[in-house]
Amino acid sequence: MIQKIPLPVQNIIVTLGKAHFEAFVVGGCVRDLILERMPKDWDVTTNATPEQVLELFPESFYENEFGTVGVKVPRFLATTSPDYENDIIEVTTYRTEANYEDLRRPSAVHFTLSLKEDLARRDFTINAIAYGPAADGKWQLVDPFDGSADVTKKIIRTVGDPAERFNEDALRLMRAIRFFAELRDPQETKLTHSWHIEEATFAAIQKLAENLAAISQERVRDELAKIILSDSPMEGIQMLHDGGLLRFILPELEVGIGVSQNLHHIYTVWEHNLRALATCPSKKLEVRLAALLHDVGKPQTKRGEGYNATFYNHDHVGARIAEKMLTRLRFPKALVKKATLLVDNHLFYYNVDEVTEASVRRLIKRVGLENMDDLMAVRIGDRLGSGVPKAKPYKLRHLEYMIEKVSRDPVSVKMLAIKGTDLIEELKIPAGPKIGAILDVLLAEVIEDPNLNTKEVLLKRADTLKASPIETLRTHAEEKIEEKRAEDDQQIKKRHWVE
Ligand code: ATP
Ligand code: MG
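For every chain, the first residue of the written sequence is number 1, and numbering continues from 1 along that sequence. By the order in which they are written, chains take letters starting at A while ligands take numbers starting at 1. Per-residue local features of the predicted model are confined to residues with pLDDT of at least 70, and side-chain atom pairs are confined, for both listing and counting, to 80 or more; whole-chain, interface and lining totals are unaffected and use all residues. Side-chain measures here rest on the full set of heavy atoms in the structure, leaving out hydrogens and waters.

**Side note on the side chain of Glu198**
- Secondary structure counts use DSSP, requiring at least four H or I residues in a row for a helix and at least two E residues in a row for a strand, with both numbered from the N terminus. If you trace the backbone, Glu198 turns up in the loop between strand 11 (196-197) and helix 8 (199-208).
- Arg157 provides the closest opposite charge to the buried, unpaired Glu198, separated from it by 4.1 Å.
- A 3.5 Å cut-off defines polar contacts: any pair of N or O atoms within that distance qualifies, except that in protein one atom must be a possible hydrogen donor and the other a possible acceptor, and neighbouring residues in sequence count only when both atoms are side-chain atoms. Here the side chain of Glu198 touches Ala200 through a polar contact of 3.3 Å, landing on its backbone nitrogen.
- Side chain to side chain, Glu198 and Thr201 meet in a polar contact 2.6 Å long.
- Note on contacts: a residue pair qualifies if any of its non-hydrogen atoms lie within 4.5 Å across the two residues. In contact with Glu198, not counting residues within four places along its chain, are Ile155, Ile156 and Arg157. Burial here depends on accessible area, computed with a 1.4 Å probe over protein chains only, as a share of the maximum for the residue type. Under 20% is buried, over 50% is exposed, and the range in between is partly exposed. The charge count treats Lys and Arg as positive and Asp and Glu as negative. His and the chain ends do not count. What makes a salt bridge here is a side-chain nitrogen of Lys or Arg within 4 Å of a carboxyl oxygen of Asp or Glu, nothing more.

This is the structure in structure tokens:
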């Protein structure tokens, strides 16, 4: 196993050893080594104090008040951007944690000279294994809680009494499920030998679920993001629900449980949202979140029952709900905006024989050319996740072709053949907001017919517009776009009336 440890990490351990300190790699990286997976990062634990570590490594610095020193080493991690020369290896002094007062982080840490005590403070047995040189210099596992046996048996189990450990830090409730989602083999079935959360550990999660409410949204968000980005995101969300945690994270999603749909669907709203997440081909967090939340507006907008139930406007209602949820979880503004945009537009109408180039340009104007691939990924999840074999991938291929075809057509004012300055110089229109209003009208017309996009034609048309009051121009531009949008929406309703 030692050969699998990158040299910069081995060097730190050897250097500490030469100075007569104990040092081991520990935590997630040892678990991943045993599993023959590539560790995301490498952590070192030692009985040297932070000051002693700082002295041994000239290129090191104090990382935090918990006894962690960052040691700079030449870049070796595959995930580090080539822009950086260095990676940082975290070297942490053996420590115990004390005085958990509020279901959160410890209020004090104490250094200890015992590796076993350090391992005992860790959350799960699979994360409480160390590997490094023993007294005789030979590398071996230090595994007082039988973590490697649990790795082999694929069991997630707390170190010690589950209730006690979850009461110390309620984020561990979510971490158990995060490791389940990350470690699980997405191909596995119930019949194959698979990762699971040990019974007593899971029972404690269910019992103590409401403690999660004491954890900051930011910490919850980070664990949720890892579950969503794992290879088994659907199973992870389902497990959050089964464990009673989801109602403290995404309660709006649970409203879809048991809400049946109509003749286009065999799954309930809840099942369908989860399956859309599972089948969404994107690796991007915001796109996967949009897939998961794409139909979150359905329970509220459902009218009627059985085969003929309708969900008019669920896309727009859902977008507002998704925005609220993601904002509450403190996701960055840009991510919230993007996911909301995708939910808002996931229902775009597309039928090969009926769709005009102008309507594809309107879609691109609304969504942005740079977001079309992501919108497609949500739509693919939506389609595959419906469980009804009306798969018509050629439709999406045709849309891709149409997007490509119109992608150089003007869909924004910047792409018009004239600029504001042309209006000022050639038509003597005074600088001011009216310029923008005229350009908006021109754009609305050019989207309908890109042949109008020449300097000559647009100047002539602008000349006829310049006498109109600014309000008239604005209404005109809006009406033009809105009237067409209403036509598109009408199409959606007609053809997808029940979706
Ligand atoms: P990853 O592959 O995501 O890096 P990891 O197991 O390394 O997984 P980290 O969150 O990086 O997880 O934490 C490193 C180690 O620190 C864990 O393996 C565990 O031993 C310990 N640890 C981290 N967070 C906690 C916690 N909340 N409670 C107890 N131990 C923890
Ligand atoms: Mg780690």
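**Overview of the pattern of salt bridges**
- Applying the stated criterion across every chain yields a total of 30 salt bridges.
- Here Glu168 and Arg172 are joined by a salt bridge, their closest N and O atoms 2.8 Å apart.
- Relative accessible area serves as the criterion here: at 18%, Glu168 is assigned to the buried category.
- Across the pair Glu448 and Arg362 runs a salt bridge, and its minimum N-O distance is 2.6 Å. Taken together, the residues span a long stretch of sequence, with Glu448 in helix 21 (residues 433-448) and Arg362 in helix 17 (residues 357-367) at a distance of 86 residues.

**As for the sheet that holds strand 4 (residues 68-74)**
- Strands pair, by our definition, only if DSSP identifies at least two bridges between them. Pairing within the open sheet is mixed, and its seven strands lie in the order 3-4-5-2-1-8-9. A single partner strand is all that each edge strand has here, and the edge strands are strand 3 (60-62) and strand 9 (139-142). The average undirected angle you get between the axes of adjacent strands in this sheet is 30°.
- Alignment of strand 1 (residues 23-26) against strand 2 (residues 43-46), held across three bridges, turns out to be antiparallel. Across the sheet, Ala23 pairs through a bridge with Thr46, a residue of strand 2.
- Between N-to-C directions, angles span 0 to 180 degrees; the directions come from axes that are lines fitted to C-alpha atoms, helices contributing only their stretch in contact. Where helix 1 (residues 7-18) meets the sheet, its contacts fall on strand 1, strand 2, strand 4, strand 5 (86-93), strand 8 (130-133) and strand 9, and the angle it forms with strand 1 comes to roughly 150°.

**Overview of the packing of aromatic side chains**
- Pairing of aromatic rings covers Phe, Tyr and the six-membered ring of Trp, with a centre-to-centre limit of 6.5 Å; geometry is then stacked below 30 degrees between planes, edge-to-face above 60, and tilted otherwise. Summed over all chains, the structure comprises two aromatic pairs.
- Summarising the aromatic geometry, the rings of Phe124 and Phe179 are spaced 6.0 Å apart at their centres and angled 75° between planes, so their arrangement reads as edge-to-face. Residue Phe124 is found in the loop between helix 4 (115-120) and strand 8, and its partner Phe179 is found in helix 7 (residues 171-183); the two are separated by 55 residues along the sequence.
- Taking relative accessible area as the criterion, Phe124 reaches 0% and is therefore assigned buried.
- Above the ring of Phe179, the side-chain terminus of Arg178 is found at 4.4 Å from the ring centroid.
- Seen from the ring of Phe348, Arg379 lies directly overhead, with NZ or CZ sitting 4.3 Å from the centre. Throughout this description, the term charge over a ring refers to an Arg CZ or Lys NZ atom that lies within 6 Å of the ring centre and within 35 degrees of the ring normal.

**Description of the site of ligand 1**
- Whether a residue is near a molecule or strand is decided by its heavy atoms; if any one of them lies within 4 Å of it, the residue is near. In the vicinity of ligand 1 lie 14 residues, with Arg31, Lys40, Asp169, Arg172 and Arg178 positioned nearest.
- Arg122 is positioned with one of its side-chain polar atoms (N or O) 3.0 Å from an oxygen atom of ligand 1.
- The side chain of Arg178 places a nitrogen or oxygen atom 2.7 Å from an oxygen atom of ligand 1.
- Relative to its unbound accessible surface of 580 Å², ligand 1 loses 82% to contact with the protein.
- Counting atoms within 2 Å of the grid points, the majority share of ligand 1 lands in the largest pocket.
- Elements with a minimum of two residues in the shell around ligand 1: helix 2 (28-34) and helix 7.
- Ranked by the residues each element gives to the shell around ligand 1, the list is headed by helix 7, at four residues.
- For the shell around ligand 1, the per-class residue count stands at one nonpolar, three polar and ten charged.
- Marked domain ranges trace back to an automatic or database domain assignment. Built from parts of two domains, the shell around ligand 1 gets at least three residues from each of domain 1 (2-146) and domain 2 (154-249). A 1.4 Å probe and the Shrake-Rupley method give the accessible areas. Residues count as covered only by the protein chains that appear here. In this analysis a 1.4 Å probe is tested at points of a 1 Å grid over the protein atoms alone, and where it fits but cannot get out there is a cavity; an open set with protein on both sides within 12 Å along at least five of seven lines is a pocket; lining residues have an atom within 4 Å of a point. Think of it this way: if more than half of a molecule's atoms are within 2 Å of a pocket's grid points, that molecule is in the pocket or cavity. Just so you know the grouping, Ala, Val, Leu, Ile, Met, Phe, Trp, Tyr, Cys and Pro go in nonpolar, Asp, Glu, Lys and Arg go in charged, and all remaining residues, Gly too, go in polar.

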